[in-house]
Amino acid sequence: GRESRITQMIMGIGGSLALRTIAEGVEFPAQRDALHALGCEYAQGFLFGRPMPLNQIATRLERDGNVVSLGSAT
């Protein structure tokens with residue numbers, strides 16, 4: 001639909017500028033799967049984790065790494 005076309009355009013702009021694009025606001029597995037199908041590699045949102053204090057973020061990054069690829073999250 002319209003949202004997927006907009007997402008594809010944004011990813012195309014990012015790609016043409018050699019930028020990593022990260023989808024924001026991903027809350028449901030279906031959103032993650034749709035983004036992955038469109039070629040989006042990175043996302044953030046409540047599906048992956050809730051907002052947390054800085055000290056908890058540092059602990060989580062040390063434990064889990066800094067970015068999870070959508071290709072490895074499915």
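Given the structure is predicted, the values throughout are model-derived calculations rather than measurements.

**Some remarks on the overall build of the protein**
Working step 1: When its secondary structure is counted, the protein shows 4 helices and 2 strands.
Working step 2: Sequence-ordered secondary structure for the protein, helices as α and strands as β, is α-β-α-β-α-α.
Working step 3: Counting the 74 residues in the protein, one finds 15% classified as buried.
Working step 4: In the protein, of all internal contacts separated by at least 6 residues, the share reaching a separation of at least 24 is 43%.
Working step 5: Surface exposure of the protein reaches about 5600 Å², of which carbon and sulfur atoms provide 56%.

**Section: the packing of aromatic side chains**
Working step 1: Counted by the stated rule, this structure contains 0 aromatic pairs.
Working step 2: Sitting above the plane of the Tyr 42 ring, Arg 20 keeps its charged end 4.9 Å from the centroid.
Working step 3: Sitting over the face of the ring of Phe 46, Arg 50 holds its NZ or CZ atom 4.1 Å from the ring centroid.

**Topic: the layout of surface pockets**
Working step 1: Of the pockets and cavities examined, the second largest pocket occupies roughly 300 Å³.
Working step 2: Contributing to the lining of the second largest pocket are 17 residues, with Glu 3, Thr 7, Ala 23, Glu 24 and Leu 35 lying nearest its centre.
Working step 3: Looking at the lining of the second largest pocket, the elements with two or more residues in it are helix H1 (2-16), strand E1 (22-23) and helix H2 (29-37).
Working step 4: Per-element tally for the lining of the second largest pocket: the top contributor is H1, with 6 residues.
Working step 5: Per-class residue counts for the lining of the second largest pocket are 10 nonpolar, 5 polar and 2 charged.

**Side note on the environment of Arg 32**
Working step 1: Within the secondary structure, Arg 32 sits in helix H2.
Working step 2: Judged by relative accessible area, Arg 32 falls into the buried class, the value being 15%.
Working step 3: Polar side-chain contacts of Arg 32 include one of 3.1 Å to the side chain of Asp 33.

Rules used in this analysis
Throughout, residues of each chain are indexed from 1 in the direction in which the sequence is written. Where local features are concerned, this predicted model is filtered to residues with pLDDT of at least 70; where side-chain atom pairs are given and counted, the filter is 80 or more; whole-chain, interface and lining totals use all residues. Only hydrogens and water are removed before side-chain values are computed, so all heavy atoms of the structure are retained for them. Helix and strand definitions follow DSSP, with helices as H or I runs of at least four residues and strands as E runs of at least two, each counted in order from the N terminus. Residue exposure (1.4 Å probe, protein chains only): buried if accessible area is under 20% of the type maximum, exposed if over 50%, otherwise partly exposed. Pairs of residues are marked as contacts when any of their non-hydrogen atoms sit within 4.5 Å. Only the protein chains shown count as cover for residues, and the accessible areas themselves come from Shrake-Rupley with a 1.4 Å probe. Stacked, tilted and edge-to-face are the three classes assigned to paired rings of Phe, Tyr and Trp, where Trp is represented by its six-membered ring and a pair needs centres within 6.5 Å; plane angles under 30 degrees give stacked, over 60 edge-to-face, the rest tilted. Any Lys NZ or Arg CZ found within 6 Å of a ring centre and within 35 degrees of that ring's normal is scored as a charge over the ring. Note on definitions: the grid is 1 Å and covers protein atoms alone; a cavity is a set of points where a 1.4 Å probe fits but cannot get out; a pocket is an open set with protein on both sides within 12 Å along at least five of seven lines; lining residues have an atom within 4 Å of a point. Grid points are joined across faces, edges and corners, and a volume is the space filled by probe spheres set on the points. Each residue gets one of three labels, nonpolar for Ala, Val, Leu, Ile, Met, Phe, Trp, Tyr, Cys and Pro, charged for Asp, Glu, Lys and Arg, and polar for the others, Gly among them. Under this definition, polar contacts are N or O atom pairs within 3.5 Å; protein pairs additionally need one hydrogen-donor-capable and one acceptor-capable atom, and for neighbouring residues in sequence, both atoms have to be side-chain atoms.

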